[in-house]
Amino acid sequence: MGKRKQLKDSDVVMGGADPSAEGDESDEEMDIVNVDFEWFDPQPAVDFHGLKNLLRQLFDADAQDFDISALADLILSQPLLGSTVKVDGNESDPYAFLTVLNLQEHKDKPVIQQLTSYIQHKASSVPSLAPLATLLSQTPVPPVGLVLTERLINMPSEVVPPMYSMLQEEIAWAIEEKEPYNFSHYLIVSKGYEEVESKLDMEDARPNKKKKKSGDKVEQFYFHPEDEVLQRHAQCYGSYEYTHERDEGHSDSKRAFQELGIKTTGSLLLIDASKFEDAVKDVTGYLKPPV
């Protein structure tokens with residue numbers, strides 16, 4: 001259950017321009033930090049709190065609807081499946097994780113019942129996710145692999161392909177050992193956002209601001225760039241509104257480098273198991289580190 005891979009000397013831009021620089025130089029001079037990212041198996045003794053924090057981030061406003069502690073425990077109960085990414089050794093908190101849970105195998109666990117009911121309800125409200133709603137309404141629930149993955153917001157996306165590749169290998173090994181990981185589908189829970197009119201601009205009533213018309217189609221964006229690739233292989237995908245609304249100022253709190261505010265949404269992607277390998281290959285090609 002030790003470290004399996006290590007990506008050395010990954011250059012991460014931290015965004016620290018020299019304040020004494022002038023003109024274009026200040027835009028180009030950035031602090032570069034060399035970081036050794038390490039991939040570990042989930043560690044029950046040390047990863048519980050770190051996983052809980054990442055799970056809360058993944059489910060955003062609706063995290064309060066689930067027993068996040070029970071979900072973290074379930075993930076840690078299968079330590080040879082899935083991985084975490086750390087920078088300060090095995091005893092440190094994970095900065096990213098990826099795992100898969102069998103919805104059929106764990107159907108009697110309360111937290112999986114909560115999640116399955118929640119996802120089915122959300123899918124039922126989105127026309128593009130109708131196939132997912134139908135799938136989860138079956139009795140018993142088919143052997144769907146629920147993929148959960150999240151990372152700190154400043155983590156480079158290049159850490160993702162190794163996690164998916166290792167997951168595939170581990171699933172293959174588990175199937176050889178007759179363990180219940182022969183899935184019919186993979187269901188990826190993720191999150192995205194849409195741009196909304198800034199409350200600050202509405203208060204200022206600036207006439208020169210370009211505003212969205214009420215009839216304009218809202219464009220959806222992903223926090224995880226790999227989701228754009230995965231959706232190409234999906235049987236169905238779509239975004240949904242969270243049950244719990246954030247306060248009015250929340251969208252503007254995420255307004256860092258643009259005029260519009262940000263409204264987070266949930267995202268679901270359903271991929272047939274026969275297409276998952278090609279999907280992972282495409283993700284690897286899309287997110288490969290620059291030469």
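Values in this document were obtained by computation on a predicted structure and should not be read as measured data.

1. A short note on the environment of leucine 136
- Examined against the element boundaries, leucine 136 turns out to sit in helix α5 (residues 130-136).
- The buried category is assigned to leucine 136, whose relative accessible area is 4%.
- Separated by 33 residues in sequence, leucine 136 and leucine 103 have C-alpha atoms that sit 9.3 Å apart.
- Sequence-distant contacts of leucine 136, that is, excluding residues within four places in its chain, are made with Leu103, Thr116, Ile119, Gln120 and Val141.

2. Some thoughts on the nonpolar core
- Ranked by internal contacts, the top residues of the largest apolar core, which has 40 residues, are Leu55, Phe59, Ile119, Leu132, Leu146 and Leu148.
- Not counting the four nearest positions on each side in its chain, leucine 132 is found in contact with Ile119, Ala123, Leu187, Cys236, Leu268 and Leu270.
- In this structure, Leu81, Tyr164, Met166 and Val280 belong to the second largest nonpolar core, which totals 33 residues.

3. Here's the deal with the packing of helix α3 (residues 68-76) against helix α4 (residues 110-124)
- Between α3 and α4, the shortest axis-to-axis distance is 9 Å and the interhelical angle comes to 110°. Between α3 and α4, the angle is such that the two are roughly perpendicular. Along its contact with α3, which presents Ala70, Leu71 and Leu74, the element α4 presents Val111, Ile112 and Leu115.
- Counted by class, the contact of α3 with α4 contains 6 nonpolar, no polar and no charged residues.

4. What to know about α4
- Along its 15 residues, α4 runs 21 Å from first to last C-alpha, staying within 8% of the 21 Å computed at 1.5 Å per residue.
- Among the residues of α4, those classed as buried are Val111, Ile112, Leu115, Thr116, Tyr118, Ile119, Lys122 and Ala123. Looking straight down α4, one finds its buried side chains confined to an arc of 165°; they lie on one side. Those residues of α4 that are exposed and angled more than 90 degrees off the buried face are Pro110, His121 and Ser124.

5. A short note on the pairing of strand β4 (residues 96-102)
- Of all 7 residues in β4, 7 are buried; the element is thus mostly enclosed.
- The sheet contact formed by strand β3 (residues 83-86) and β4 spans 3 bridges and is antiparallel. Looking at the pairing, serine 83 lines up with leucine 98 of β4.

6. Considerations on the side chain of aspartate 62
- Among the structural elements, aspartate 62 can be located in the loop between α2 (48-59) and α3.
- Buried aspartate 62, no salt bridge; nearest opposite-charge side chain is lysine 122, N-O distance 4.3 Å.
- A polar contact is formed between the side chain of aspartate 62 and the side chain of tyrosine 118, at a distance of 2.6 Å.
- For aspartate 62, the residues in contact, after removing those within four places along its chain, are Tyr118, Lys122, Tyr242, Thr243 and His244.

What counts and how
Residues numbered from 1 in each chain as written. Predicted model: local features only at pLDDT ≥ 70, side-chain atom pairs only at ≥ 80, totals over all residues. Heavy atoms only, no water. Helix = DSSP H or I, 4+ residues; strand = E, 2+ residues; numbered from the N terminus. Buried < 20%, exposed > 50% of the residue type's maximum accessible area, 1.4 Å probe, protein only. Contact = heavy atoms within 4.5 Å. Core = buried A, V, L, I, M, F, W, Y, C linked by side-chain atoms within 4.5 Å. Axes fitted to C-alpha atoms, helices over the stretch in contact; angles between N-to-C directions. Parallel < 35°, antiparallel > 145°, perpendicular 65-115°, else oblique. Nonpolar A, V, L, I, M, F, W, Y, C, P; charged D, E, K, R; others polar. Expected span 1.5 Å × (residues − 1). Arc of directions from axis to C-beta. Pairing = 2+ DSSP bridges. Lys, Arg positive; Asp, Glu negative; His and termini not counted. Salt bridge = Lys/Arg side-chain N within 4 Å of Asp/Glu carboxyl O. Polar contact = N/O pair within 3.5 Å; in protein donor to acceptor, adjacent residues only side chain to side chain.

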